Each structure stands twice: as structure tokens, then as C-alpha cells.
Amino acid sequence: MIPEVSQLFPQDNILGWIIQITWLAFFVVFMFYGQRIQMYVMLREVQSSLLRLKLIRDKGRKTTITTINELGKPKEDPTAKVDQFLEYIAIAPQNMDPSGIVWKLEHILDVRDTRFKDEVKLMAPEADETQINNLENTLEAALALNVIYKVIRHFYLLGKKTLSLYIIMQIQMVLPLVMKEAEAFASALKAFSSGQPIGDGAGALVAARLMLGHRKRKIAKDVVMATVPLEGRTAYVLKAEGPGGNVGKPGEAMKHIIEENGGKIATIIAIDAAQKLEGEKPGEVAEGVGVAIGGPGVEQYKVEETVLKYKIPVNAVIIKEDIGDAVSPMRKEIFDAVDVAIERIKRLILERTKKGDSLIIAGIGNTIGIGQ
Amino acid sequence: MSETAPSTKKFSFFFLAIVFITIALSIAAFFQAFDAYNVGQVENGHFFMLIGVSGLALSTYMVFQTRRRALRLTFTPPRIATTILCQKCGFKNIRDFERGDFIFKETEECPKCKEKMMINSIFREINEKKKRWG
């Protein structure tokens, strides 16, 4: 009993005419300009996210400058130096001939780290070592936010200029993930500027708990070690030197301990924070084998080379968290997971080593806000 | 403490025009429906009523979508709690995080046993809704 379309929109009155014309116009517009309308909708969505990114980036920059002024008490305004720092680049080594690339990359990273520290010392002359490390981390987070904003702006303007659906579509599709990452860095920036422990420090916190009350010594660049008797074994527990923002060189430290003991290490247990999948709970603890050291891979490579030489088994204990949790102030679930991880380590030691053996326990991650 | 973009253009002229045209057409459809019912064309009346209601719902949805987008421009920093624990008597003090706090830092004396207390934990608490697939 559906009436004819012409009956629906009678032409003998003006309202009927308007509705009929609008109805037809709707079809014509969507037939010829549907894709363009879709493109404008996407562009608008990207524009709104870009606006939010700009807000986050500017807030980050402002926080960085305020923190430098508060901690470093510089004689002159650090704004220009901060702006210069936000444009900093590090060029990765050429990989046409990959032989020896790890050492080239390590050298570039060392130079970058030294340069960053020197710049921060110039910007904040009154800051102590811990504060310099925290400020360096703060500036790195601000730099990351600036890069994210500029890349998204690049694709937005390119899409607008070329009106290419595919350029706009690819940026619109990854936008939720990019926004999540930007929000994580914004949160990290706040944590770094105040010196709060972050989720990535879960591994370092495990090591710090184990070495608490024992004598520590510096074993490699920015890494401390304590010899801890554990379940009748000798455990060399190491972590980055806190409480400043630091990851240190745990690979270098492990290599040094192995060489010092002439390769007589029964096992290595590395504890690190690892990316969780959606649906998994933050703070879940999992076990496995392999060298659990994140980052550019240089430290992982060093350990892999050394354990291969001495045939040392390597175990991994990971604490699961997403990218947002890894760089944001440590959430309670991750903090509570530290006790679970310690229990797993003790069980692993009992199962995988004999009484009197020596082993290495390495807490990997940024140790900001975590002492020892 | 939440922060909002200071000068965010929340409505565009083009967007407002579409919303107003949709509302106007919806009202026109209601009039048509009224006329149709008056002359006894009940089925036509139903159809115009359907068009009117759909148009009105669409325009309301569009306005709410824009409001949601404006709200997404705000973010609230989380509360970070520092727990100070006396290793001897177990006295616990929880306060907001202060710059300079770090885990295992020795702090003030315990008010009960006068031993040095230590920062035992620093974390943020999140009250998440229970997820179906979590």
C-alpha cells in the first residue's frame, strides 16, 4: 500500500515543490559529488585532530620551558633554545652495507645523548644530575610531540592541496593510533617534568626492589649493580641509575658481568615492560625466552652476541602494558605486577639453576622516579 | 583541573546552513503530513510524518556530534599518589605526589616510632568501567 512518489510530493502546493526539488538535488549531489563530500568530511576530521595535536604540542612546549626555568634558573630566556631543540634531528647510519651497523648506530646514539645532555646543561645551569636527566626526557617528549604534529600537518596540507582522496584517507585511517600516541607523550611529558615513575620503569622497579639494602656499584654507563644472595644463588642484579630519567646501557653491563665471571653464569633473567594487545589486562606478567631489551636494538645485540659465545640461557619476564601506560605515570596495576614478577623470578631461579650458581637479573626500562 | 582549547571554532557556516535547511524541511514535511491527514490521505500523512521525524532526528544528531567533538578537546591530568611507609612499625601515609619524590627515597620521621620513613610507591589510579572483552 505504498503511494506513488508523485503522490507523496504533490505539485499543487509550494511545500511539495520544495521537498521534491530537495529530494532530487540530494540524489544529484551525492551521485556526482559523493566522493568529494566524503573527502571534505575526512579533511574536517583530520583538521579537528590537528587542532588538538597543536594544543597538546604547545602545552608540552610551555611545560618544558616552565620546568627549565623552575629547575635550571637560567639567566636568559630558554625559549629560543627550546624551539631550536624541538627541530633536532638524528640521521640513522647508511645500511647499504649492513656489516658493523650496530656499532655505527651506537655511536650516533651516544653522540646524540651527549649533545642532548650538553644542551640541557646550557639551558638549565643550576639543575643537578637527576634533574638534567629528567629535563632531557622532558625535551625528548616535547620533540616527539612536535614531530607528530608536523607530520600530520604535512599530510593534511598535502591532501588539501592535491585533493587526493588516498592521501587524506591514509592519514585519517591511522589518526586514532597517532592521537593515542600523542596523548601518551603528553602524559609522559608531565611525568618527566615532575620526575614521576612511568610504566616503562616496571622492570627497573623489580630490580630496585631486589637490590634494596645491598651495596651498589656502577658497572657501565648509567647502570648500577648489586650482588644479592637469592635462594642460595648469587644474583647480579642491575638496573639503570635512578632516580633521574635514564635507561642506561644494560647490554654493556651484562656483557661486562659475564666477562668478569669468565662466562660462568647459569642463566640471565631480563625483566621489561612489553606492549600488550587490546583485550589483555595491563600488568599481566608473562614469561618466555630471549633478551627482553627494547629500544633501538644495540643493547639487545650486545647481550645476544655474548650469550651465544658462552651458551648462556636467557629468560624473559615481561609486564604487559600499552604504549600509553608505558610512558605515562605508572598505574597501580603495573605497580602491583612487580610483586608477581618477583615471585616468577624466584620460581625461575629454583627451576633453572642449582644452589651456588651465579645468575644475572636485569631490570630494563626508564628508571625515572625510581631510586635504588 | 581540565584544559580546553582557548579559541576553537566549533560551528562552521556551512554546517549550520545544512542543519537549518534540514530542520526547515522537516517542519515543512510535518505541515504536509497535517494537510494529508485533513483530506483523509492517511498513508501520505504517515510518510510525511516519517520524513519530518527523520529530518529532525538527523539535525539533532548533527548538533550533538559537534558538541561531542568540542568536548574531546579537553583533557584532565590524572592524580598521582605517593605512599610513605615506615619500615619498622608499618605506619602508612598517602599524599599527593610532590616534585622531588621518588621510590625508595628516605623522607620524614615516623610520627609513631620516630624511624625514618621511605617512599614505598608512586602510582596513578584509574577507575575503568568493566569491559565486556577485557
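This text follows the structure it describes.
What counts and how
- Counting restarts for each chain, with residues numbered from 1 along the sequence as it is written.
- Here every chain gets a letter starting at A, and every ligand a number starting at 1, in the order they are written.
- Note on the predicted model: pLDDT of at least 70 is required for a residue's local features to be given, and 80 or more for side-chain atom pairs to be given and counted; whole-chain, interface and lining totals, by contrast, use all residues.
- As a rule here, side-chain values come from all non-hydrogen atoms in the structure, and water together with hydrogens is ignored.
- Helix numbers and strand numbers start at the N terminus; a helix is a DSSP run of H or I with at least 4 residues, a strand a run of E with at least 2.
- Buried means the residue's accessible area, taken with a 1.4 Å probe over protein chains only, is under 20% of the maximum for its type, while exposed means over 50%, and partly exposed covers the values in between.
- Note on contacts: a residue pair qualifies if any of its non-hydrogen atoms lie within 4.5 Å across the two residues.
- Each accessible area is a Shrake-Rupley estimate made with a 1.4 Å probe; only the visible protein chains count as cover when residues are assessed.
- Our radius of gyration is a C-alpha quantity, and the globule rule it is checked against amounts to 2.2 Å times the number of residues to the power 0.38.
- The positive count covers Lys and Arg only, the negative count covers Asp and Glu only, and His and the chain ends enter neither.
- Throughout, a charge is located at the NZ atom of Lys, the CZ atom of Arg, the CG atom of Asp or the CD atom of Glu.
- Any pair of N or O atoms that falls within 3.5 Å is considered a polar contact. Within protein, one atom must be able to donate a hydrogen and the other to accept it, and sequence-neighbouring residues count only if both atoms are side-chain atoms.
- Only Phe, Tyr and Trp rings take part, Trp by its six-membered ring, and two of them pair if their centres are within 6.5 Å. Stacked means planes under 30 degrees apart, edge-to-face means over 60, and tilted covers everything else.
- Strands are labelled as partners when DSSP assigns at least two bridges between them.
- The axes used here are C-alpha line fits, helices contributing only the stretch in contact, and every angle between their N-to-C directions lies in the interval 0 to 180 degrees.
- Throughout this description, the term nonpolar core refers to a set of buried Ala, Val, Leu, Ile, Met, Phe, Trp, Tyr and Cys residues connected via side-chain atoms within 4.5 Å.
- Cysteine sulfur pairs qualify as disulfides if the two atoms are within 2.5 Å.

**Q** Honestly, the overall build of chain B in this entry has me stumped. Any pointers?
**A** Regarding its fold elements, chain B presents two helices and four strands. Counting from the amino terminus, helix and strand elements in chain B follow one another as α-α-β-β-β-β. Counting only residues that meet the buried cut, chain B has 32% of its 134 residues in that class. Of all intrachain contacts in chain B linking residues separated by at least 6 positions in sequence, the fraction that spans at least 24 positions is 48%. About 9200 Å² of surface is accessible on chain B, with carbon and sulfur atoms providing 61% of the total.

**Q** Teacher, can you tell me more about the overall build of chain A here?
**A** On a plain count of helices and strands, chain A comes out with 11 helices and seven strands. Its C-alpha atoms give chain A a radius of gyration of 27 Å, clearly above 21 Å, the size a compact globule of 372 residues would have. Structurally, chain A occupies a C-alpha span of about 100 × 60 × 45 Å along its principal axes. Scored against the burial criterion, the 372 residues of chain A give a buried share of 51%. Residue pairs in contact within chain A that sit at least 24 positions apart in sequence constitute 77% of those at least 6 positions apart. Taking the average place of the 47 positive charges on the side chains of chain A and the average place of its 46 negative ones, the gap between the two points comes to 2 Å.

**Q** Got a minute to help me understand the side chain of Asn246 of chain A in this structure?
**A** Residue and element names in this part refer to chain A. Take Asn246: it is sitting in the loop between strand 3 (233–240) and helix 8 (250–260). Within polar-contact distance, the side chain of Asn246 engages the backbone oxygen of Glu241 at 3.4 Å. If sequence neighbours within four positions are ignored, Asn246 has contacts with Asn133, Asn137, Asp222, Ala240, Glu241, Gly365, Asn366 and Thr367.

**Q** Got a minute to help me understand the packing of aromatic side chains in this structure?
**A** Geometry of an aromatic ring pair is reported as the spacing of the ring centres plus the angle between the planes. Residue and element names in this part refer to chain A. For the structure on display, the rule yields five aromatic pairs over all chains. Ring geometry for Phe85 versus Tyr88: centroids 5.9 Å apart, planes at 25 degrees, classification stacked. Since its relative accessible area comes to 1%, Phe85 is described here as buried. Taken together, a centroid distance of 4.5 Å and an interplanar angle of 50 degrees make the contact between Phe85 and Phe116 tilted.

**Q** Teacher, can you tell me more about unusual backbone geometry here?
**A** Of all residues except glycine, most have a negative phi; of all peptide bonds, most are trans. For the peptide bond that leads from Gly242 of chain A to Pro243 of chain A, omega is 10 degrees, which places it in the cis range. Examined against the element boundaries, Pro243 of chain A turns out to sit in the loop between strand 3 and helix 8. Here Lys114 of chain B, not a glycine, exhibits a phi torsion of approximately 65 degrees, which is positive. Along the chain, Lys114 of chain B falls in the loop between strand 3 (106–109) and strand 4 (116–124). Overall, Lys114 of chain B belongs to the exposed group, its relative accessible area being 54%.

**Q** In this structure, what is going on with the side chain of Thr367 of chain A? I would like to understand it.
**A** Residues and elements named next belong to chain A. Within the element layout of this structure, Thr367 appears in the segment after strand 7 (358–363). Accessibility expressed as a relative area gives 0% for Thr367, which makes it buried. Setting aside residues no more than four positions away along its own chain, Thr367 makes contact with Ala204, Lys239, Ala240, Glu241, Gly242, Pro243, Gly244 and Asn246.

**Q** What's the story with the sheet that holds strand 1 (residues 216–220) of chain A in this structure? I'm lost.
**A** Either a parallel or an antiparallel arrangement is found when strands of a sheet pair, and the pairing is made through backbone hydrogen bonds. Residues and elements named next belong to chain A. With mixed pairing, the seven strands of this open sheet are ordered in space as 1-2-3-7-4-6-5. Every other strand in the sheet has two partners, leaving strand 1 and strand 5 (285–289) as the edge strands with one partner each. For this sheet, the mean angle separating the axes of adjacent strands, direction not counted, is 30 degrees. Bridge analysis of strand 4 (residues 267–275) against strand 6 (residues 314–321) gives eight bridges, and the strand direction is parallel.

**Q** Help me understand the nonpolar core, please; the structure alone is not making it clear to me.
**A** Nonpolar side chains tend toward joint burial in soluble globular proteins. All names here are of chain A. Grouped together as the largest cluster of nonpolar side chains are 45 residues, with contacts concentrated most on Leu53, Ile68, Val82, Leu135, Leu139 and Ile152. Counting only elements with at least two residues in this core, the list comes to helix 2 (14–72), helix 3 (79–85), helix 4 (101–123), helix 5 (129–162) and helix 6 (165–194). No other element matches the 12 residues that helix 6 contributes to this core. The contact partners of Val82, leaving out residues within four places of it in the chain, are Thr64, Ile65, Ile68, Met123 and Leu139. Listed in part, the 44 residues of the second largest apolar core include Ala204, Ala208, Met330 and Phe335.

**Q** Where do I start with the pairing of strand 1 (residues 80–85) of chain B in this structure?
**A** Here is the key point about a regular strand: its side chains alternate between the two faces of the sheet. Residues and elements named next belong to chain B. The buried fraction of strand 1 amounts to six of the six residues, a majority that puts the element mostly inside the structure. The two faces of strand 1 match: Ile80, Thr82 and Ile84 on one face and Ala81, Thr83 and Leu85 on the other face are all buried. Pairing between strand 1 and strand 2 (residues 92–96): five bridges, direction antiparallel. Counterpart to Leu85 in the pairing with strand 2 is Lys92. Where strand 1 folds back on strand 2, the antiparallel hairpin that results is connected by six residues, among which Gly90 adopts a positive phi of roughly 80 degrees.

**Q** Got a minute to help me understand the state of the cysteines in this structure?
**A** Any covalent bond linking the sulfur atoms of two cysteines counts as a disulfide. All names here are of chain B. In total, this model carries zero disulfides over all chains according to the counting rule given. Left unpaired, Cys89 is separated from the closest cysteine sulfur, that of Cys110, by 3.6 Å. Among the residues examined, Cys89 registers a relative accessible area of 39% and is labelled partly exposed.

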